[in-house]
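Descriptive analysis of the structure
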Amino acid sequence: MKKILLLGATGSIGLQTIDVIEQHPDRFKLVGIAAGNQTEILNQILEKHRSIQVVGIGNEEKKDEIHHNKVYAGKEAMVQCIQNCEYDLLVNAVVGFRGLKPTLESLKKGKDVALANKESLVAGGMLVRQTLKETNTKLYPIDSEHSAIFQCLQGNDIRQVKRLIITASGGSFRDKTREQLKEVTVEQTLKHPNWSMGKRITVDSATMVNKGFEVIEAHFLFDLDYDKIDTVLHKESIIHSMVEYEDHAIIAQMGSADMRLPIQYAIHYPDRIPLKEEHPLDASDTFDLHFKKMDFERYPMLKCAYEVGRKEGNLGAIFNGADEQAVEYFLDHKISFLQIEESILKAIESLEYIQNPTYEQLEQSDLAAREFVKQLWD
Ligand SMILES: NC(=O)C1=CN([C@@H]2O[C@H](COP(=O)(O)OP(=O)(O)OC[C@H]3O[C@@H](n4cnc5c(N)ncnc54)[C@H](OP(=O)(O)O)[C@@H]3O)[C@@H](O)[C@H]2O)C=CC1
Ligand SMILES: CC(=O)[C@@H](O)[C@H](O)COP(=O)(O)O
Ligand SMILES: [Mn+2]
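Residues numbered from 1 in each chain as written. Chains lettered and ligands numbered in written order. Predicted model: local features only at pLDDT ≥ 70, side-chain atom pairs only at ≥ 80, totals over all residues. Heavy atoms only, no water.

Going by what an unreviewed UniProt entry lists, the chain is known as 1-deoxy-D-xylulose 5-phosphate reductoisomerase and is assigned to Floccifex porci. As its UniProt record puts it under Pathway (unreviewed entry), the chain is described as follows: "Isoprenoid biosynthesis; isopentenyl diphosphate biosynthesis via DXP pathway; isopentenyl diphosphate from 1-deoxy-D-xylulose 5-phosphate: step 1/6." In its Function (unreviewed entry) section, the UniProt record describing the chain reads: "Catalyzes the NADPH-dependent rearrangement and reduction of 1-deoxy-D-xylulose-5-phosphate (DXP) to 2-C-methyl-D-erythritol 4-phosphate (MEP)." (UniProt positions renumbered as here; feature names shortened; annotations may be inferred.)

Structural data, given as structure tokens:
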């Protein structure tokens, strides 16, 4: 029985993780949950999962609304859950830079992490890599593309990989020109063509920041140089990514756009277990697969991600921090869609570069990037 501590329990990935856990009560036990605000959902989860030892809530004012006798609240709540919970695997499905510290703390405690929080690697990849080495722990990717790559690597030697090919749907505006992007609304942005996800990542898919993050994420997860990591536009999101080997064999992983498969693979690796799926991909039926060369002029955020990734240091924290703040402003109708990119490029250009940052310096860079974006538009 695997004991799971789940951060971001009320979100898109969090709730799908609970669904997978509930489909297999003989295999998994939920022993801890944390979220930011949604206490009603936390209480519903607590009703069903009597095995939960600890609860974390980001918003301190909501602490008393939670029906449990061990509740940690505030900025350090997730780390306190990690320190005070007996678990086997951390599922980090929280959104944002706030996910980095819990990832590091869990690894330091000697506990593996199933990682949806890509910001841990975008902002703190160097620290995570160092901590993995020191603690002999493991990261299991939940992000669909990285799960696909992880699946395509099984039974093969990473040294024989020619390149990874990460697929990109193109997001909500894949058929629009840059000129047309000047006019787009929040409502249009939040309609991802294939996936149902949290708001921030849905906006990031439309700006291609998400794919940029995924390039950096792949670099740290699979320890490959950036010149071995490619992207391709694939509008159907059926092939979740591919690995090309030195003999030119290309292995791809296909499936419907449902995160429960990558979640189960990450939390029950290396075994596959049955999953309920309403609309599984029927590969014996007819379906179309389209591929289009990535256009870096159309998607400058992807170009930016390669530059940020190659320079390392605190640039990932700045990239992510500026994006988090800009997306928040966009969702609040304070800035336009294209001003998200502008915020990021200006923050990267303006803020101090630190080559080998400590965690505290990354936290400062994250804050500085948010402040920079606020000052830019307030
Ligand atoms: N959704 C998807 O399909 C995919 C998501 N990912 C990644 O997974 C992560 C989660 O994404 P997603 O599930 O879409 O996001 P959601 O916005 O749906 O969920 C975010 C979760 O984070 C919690 N949270 C927010 N602030 C805090 C805080 N201060 N303390 C503790 N918890 C907090 C939220 O709690 P509350 O709602 O209560 O405030 C919620 O449970 C992101 O890093 C994303 O990039 C990766 C691949 C696919
Ligand atoms: C489900 C998932 O992993 C998301 O990151 C998804 O890949 C977003 O799709 P695009 O960024 O390709 O639009
Ligand atoms: Mn993804």
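**Focus: the overall build of the chain**
Of regular secondary structure, the chain possesses 15 helices and twelve strands. Here the chain has a C-alpha radius of gyration of 20 Å; the compact-globule value for 378 residues is 21 Å, and the two agree. In terms of overall dimensions, the chain has a C-alpha envelope of 55 × 55 × 40 Å along the principal axes. Considering only residue pairs separated by 6 or more positions, the chain has 68% of its internal contacts joining residues 24 or more positions apart. For the chain, the accessible surface area stands at approximately 17100 Å², while carbon and sulfur atoms represent 46% of it. Averaged over its 45 positive side-chain charges, the chain has a centre that lies 2 Å from the centre of its 58 negative ones. (Helix = DSSP H or I, 4+ residues; strand = E, 2+ residues; numbered from the N terminus. Rg over C-alpha atoms; globule rule 2.2 N^0.38 Å. Contact = heavy atoms within 4.5 Å. Areas by Shrake-Rupley, 256 points an atom, 1.4 Å probe, with all protein chains shown as cover. Lys, Arg positive; Asp, Glu negative; His and termini not counted. Charge placed at Lys NZ, Arg CZ, Asp CG, Glu CD.)

**Here we look at the domain arrangement of the chain**
Each domain of the chain was delimited in the assignment, giving domain 1 (2–141), domain 2 (154–255 + 282–310) and domain 3 (313–377). Here the C-alpha centroids of domain 2 and domain 3 sit 22 Å apart. Contact residues are listed per partner, giving 23 residues for domain 2 and 17 residues for domain 3. When the two sides are added together, the surface that domain 2 and domain 3 hide from each other amounts to roughly 1700 Å², 79% of it contributed by carbon and sulfur. Three residues stand out in domain 2 for area buried against domain 3, namely V186, R200 and V308, and they jointly supply 31% of the buried area on that side. Where domain 2 packs against domain 3, one counts three salt bridges. The salt bridge partner of D323 is R200, with a shortest N-O separation of 2.8 Å. Across the domain 2-domain 3 interface, the total number found is three residue pairs in polar contact (both at pLDDT 80 or more). Examining the composition of the side of domain 2 that touches domain 3, we find that six residues originate from one element, helix α9 (residues 199–207), more than from any other. A breakdown of the residues in the side of domain 2 that touches domain 3 according to their chemical character gives 15 nonpolar, three polar and five charged. (Domains from an automatic or database assignment. Buried area = accessible area lost by both parts, 1.4 Å probe. Salt bridge = Lys/Arg side-chain N within 4 Å of Asp/Glu carboxyl O. Polar contact = N/O pair within 3.5 Å; in protein donor to acceptor, adjacent residues only side chain to side chain. Nonpolar A, V, L, I, M, F, W, Y, C, P; charged D, E, K, R; others polar.)

**Concerning the coordination of the manganese ion (ligand 3)**
Ideal geometry at a metal centre gives angles of 109.5 degrees when four donors are arranged tetrahedrally and 90 or 180 degrees when six donors are arranged octahedrally. Taken together, D143 (OD), E145 (OE) and E214 (OE) make up the protein donors of the manganese ion (ligand 3), found 2.1 to 2.2 Å from the metal. Mapped onto the sequence, the residues coordinating the manganese ion (ligand 3) show the spacing D-x1-E-x68-E. With E145 in helix α6 (residues 144–153) and E214 in helix α10 (residues 209–222), the pair connects residues that are 69 residues apart, well separated along the chain. (Donors = N, O, S within 2.8 Å, 3.2 Å for Na, K, Ca; no water.)

**Observations concerning the pairing of strand β6 (residues 112–115)**
Pairing analysis gives four bridges linking strand β5 (residues 89–92) to β6, with the strands arranged parallel. Across the sheet, V91 pairs through a bridge with A114, a residue of β6. You can see the chain leave β5, run along helix α4 (residues 100–108) and come back into β6, and the turn it takes is right-handed. Summarising the sheet, β6 and strand β7 (residues 139–141) pair through three bridges and their orientation is parallel. Residue A114 lies in a different strand from β7, and its bridge partner there is Y140. Handedness of the crossover joining β6 and β7 through helix α5 (residues 119–135) is recorded here as right-handed. (Pairing = 2+ DSSP bridges. Right-handed = clockwise from strand over helix to strand, strands pointing away.)

**Focus on the sheet that holds strand β8 (residues 161–168)**
Taken together, the five strands give an open sheet; going across it, the order is β11-β10-β8-β9-β12, and neighbouring strands pair in mixed fashion. The open sheet terminates on both sides in strands that have one partner only, identified here as β11 (250–254) and β12 (292–293). Examined bridge by bridge, β8 and strand β9 (residues 229–233) share five bridges and lie parallel to one another. By the bridge assignment, A168 is partnered in β9 with L233. Together, β8, β10 (239–245) and β11 form the strand contacts of α6, whose direction differs from that of β10 by roughly 40°. Running over the sheet, α10 touches β8 and β9 and is turned about 150° from β8. (Axes fitted to C-alpha atoms, helices over the stretch in contact; angles between N-to-C directions.)

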